[in-house]
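Chain residues, written in single-letter form:
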Amino acid sequence: MSSDIDVSSGGVTRNGGTRAADVPARTSDRGAATRGALLAAARDVFCESGFAQAAVTDIVAKAGASVGSLYHHFNGKADLYLTLFEEFQAGQQERTREAINKVREAGETDPMRQFIAGAGAYLSGCLEERDVSRLFISGDGPPGFDRVMRQRLNTWARRNAALFHTADGGVDEALVMVLTGAMAGAVAEISLMDDEGAASNLADEVMAIVGTIRNPRTDQT
């Protein structure tokens, strides 16, 4: 059997076949596609049935994959759930960051105005993906997920704290606590509401109220 050697590309072709160097790339692409299909299927099944009632067999059937492929990419059902949560939160963080940067670039220096821009973007994300947001708020998650949610809330509070510094260089913890608590409650209510229009109206009303909050220490100066 003759062989054609392509030194310039670093690959070997046999009788005009695919270069060996191309195989890992194609394999990687297929793996990424399978992983994405499994996540998309898990999202649909979790949102429809909840975490506890969702079956791995339903997920792989919807993804057009095999149980073996699921366990190749994930540790199991809980890993799928947590990966979806992290991806949702990453998208929410990006929305928030873009909104805050946009108002900063427009010249806004008031920390409260910056917070409102970011918080509004976060609520908008919850409205756009209300089925997923509801999934994570519902309490139907894998064991220990409540701890993950508390850690995420603490991280959110720390990010908020970075916007609100006192004159002595500290953090206005009371204001951060009020704002973070208000937004956490709003996210929960908006995510769990059945009426999309009512959820959107509530989001607008919450942001209008939050917009009236002022830092008393700043106002006294």
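About the criteria used
Residues numbered from 1 in each chain as written. Predicted model: local features only at pLDDT ≥ 70, side-chain atom pairs only at ≥ 80, totals over all residues. Heavy atoms only, no water. Helix = DSSP H or I, 4+ residues; strand = E, 2+ residues; numbered from the N terminus. Buried < 20%, exposed > 50% of the residue type's maximum accessible area, 1.4 Å probe, protein only. Contact = heavy atoms within 4.5 Å. 1 Å grid on protein atoms, 1.4 Å probe; cavity = no way out; pocket = protein on both sides within 12 Å on 5 of 7 lines; lining within 4 Å. Points joined across faces, edges and corners; volume = space filled by probe spheres on them. Nonpolar A, V, L, I, M, F, W, Y, C, P; charged D, E, K, R; others polar. UniProt positions renumbered as here; feature names shortened; annotations may be inferred. Axes fitted to C-alpha atoms, helices over the stretch in contact; angles between N-to-C directions. Parallel < 35°, antiparallel > 145°, perpendicular 65-115°, else oblique. Left-handed = near helix turned anticlockwise from the far one by under 90°. Phe/Tyr/Trp six-rings, centres within 6.5 Å; stacked < 30°, edge-to-face > 60°. Lys NZ or Arg CZ within 6 Å of the ring centre and 35° of its normal. Salt bridge = Lys/Arg side-chain N within 4 Å of Asp/Glu carboxyl O.

- For the protein chain, an unreviewed UniProt entry supplies the name TetR/AcrR family transcriptional regulator and the organism Actinomadura rubrisoli.

**Comments concerning the overall build of the protein chain**
For step 1, the next point in the chain: A tally of helices and strands in the protein chain yields 10 helices and 2 strands.
For step 2, the next point in the chain: Ordered by position in the sequence, the α and β elements of the protein chain form the string β-β-α-α-α-α-α-α-α-α-α-α.
For step 3, the next point in the chain: Burial statistics for the protein chain: of 221 residues in total, 35% are counted as buried.
For step 4, the next point in the chain: Put simply, of all contacts in the protein chain between residues at least 6 apart along the chain, 65% involve residues at least 24 apart.

**As for the layout of surface pockets**
For step 1, the next point in the chain: Quantified by volume, the largest pocket comes out at close to 610 Å³.
For step 2, the next point in the chain: Forming the boundary of the largest pocket are 29 residues, of which Gln89, Tyr122, Arg152, Trp156 and Arg159 lie nearest the centre.
For step 3, the next point in the chain: Where the lining of the largest pocket is concerned, the elements lending two or more residues are α4 (77-105), α5 (111-128), α6 (130-137), α7 (145-161) and α8 (173-192).
For step 4, the next point in the chain: Residues of the lining of the largest pocket, tallied by class, amount to 17 nonpolar, 8 polar and 4 charged.

**Overview of the UniProt feature "DNA-binding region" (unreviewed entry) in the protein chain**
For step 1, the next point in the chain: Residues annotated in UniProt with the feature "DNA-binding region" (unreviewed entry) correspond here to residues 55-74.
For step 2, the next point in the chain: With 75% helix and 0% strand, residues 55-74 has its two end C-alpha atoms placed 15 Å apart.

**Focus: the packing of α5 against α8**
Two numbers describe a pair of packed helices, the interaxial angle and the distance between the axes.
For step 1, the next point in the chain: Where α5 meets α8, the closest approach of the two axes is 10 Å, and the angle between their N-to-C directions is 20 degrees. Judged by the inter-axis angle, α5 sits roughly parallel to α8. In this structure, the crossing between α5 and α8 has a hand that is right-handed. Residues Met112, Phe115, Ala119, Tyr122, Leu123, Cys126 and Leu127 of α5 form the contact with α8, whose participating residues are Leu175, Leu179, Met183, Ala186, Val187, Ile190 and Ser191.
For step 2, the next point in the chain: Taken together, the residues of the contact of α5 with α8 sort by class into 13 nonpolar, 1 polar and no charged.

**Looking at the packing of aromatic side chains**
For step 1, the next point in the chain: This model, assessed by the stated rule, comprises 9 aromatic pairs.
For step 2, the next point in the chain: Aromatic pair phenylalanine 51 and tyrosine 81: ring centres 5.2 Å apart, planes at 75 degrees, arrangement edge-to-face. One end of the pair, phenylalanine 51, is in the loop between α1 (22-49) and α2 (56-63); the other, tyrosine 81, is in helix α4, with 30 residues separating them in the sequence. The same class applies to phenylalanine 51 as to tyrosine 81, namely buried.
For step 3, the next point in the chain: In textbook terms, an aromatic cluster arises when at least three aromatic residues are bridged by ring pairs, as seen for Phe46, Phe51, Tyr81, Phe85, Phe88, Phe136 and Phe145.
For step 4, the next point in the chain: Here lysine 77 stacks its cationic end above the ring of phenylalanine 51, 4.6 Å away from the centre of that ring.

**Observations concerning the pattern of salt bridges**
For step 1, the next point in the chain: Following the criterion strictly, the structure yields 9 salt bridges and no others.
For step 2, the next point in the chain: Among the ionic pairs, aspartate 131 bridges to arginine 43, the shortest N-O distance being 3.7 Å. Highlighted residues: aspartate 131 in helix α6 and arginine 43 in helix α1, separated in sequence by 88 residues.
For step 3, the next point in the chain: Given a relative accessible area of 28%, arginine 43 falls into the partly exposed group.
For step 4, the next point in the chain: For aspartate 146, the salt bridge goes to arginine 150, with nearest N and O atoms at 3.7 Å. With a gap of 4 residues between them, aspartate 146 and arginine 150 both fall in helix α7, about one helical turn apart.
For step 5, the next point in the chain: On the basis of relative accessible area, arginine 150 is assigned to the partly exposed category, the value being 48%.
For step 6, the next point in the chain: Several salt bridges share partner residues, and in doing so they unite Arg43, Arg95, Glu128, Glu129 and Asp131 into one network.

**Observations regarding the environment of alanine 41**
For step 1, the next point in the chain: As for its placement among the helices and strands, alanine 41 is situated in helix α1.
For step 2, the next point in the chain: The sequence separation of alanine 41 and leucine 80 amounts to 39 residues, and the corresponding C-alpha distance is 10.0 Å.
For step 3, the next point in the chain: With near-sequence residues (within four places) excluded, alanine 41 lies in contact with Ile59, Lys62 and Ala63.

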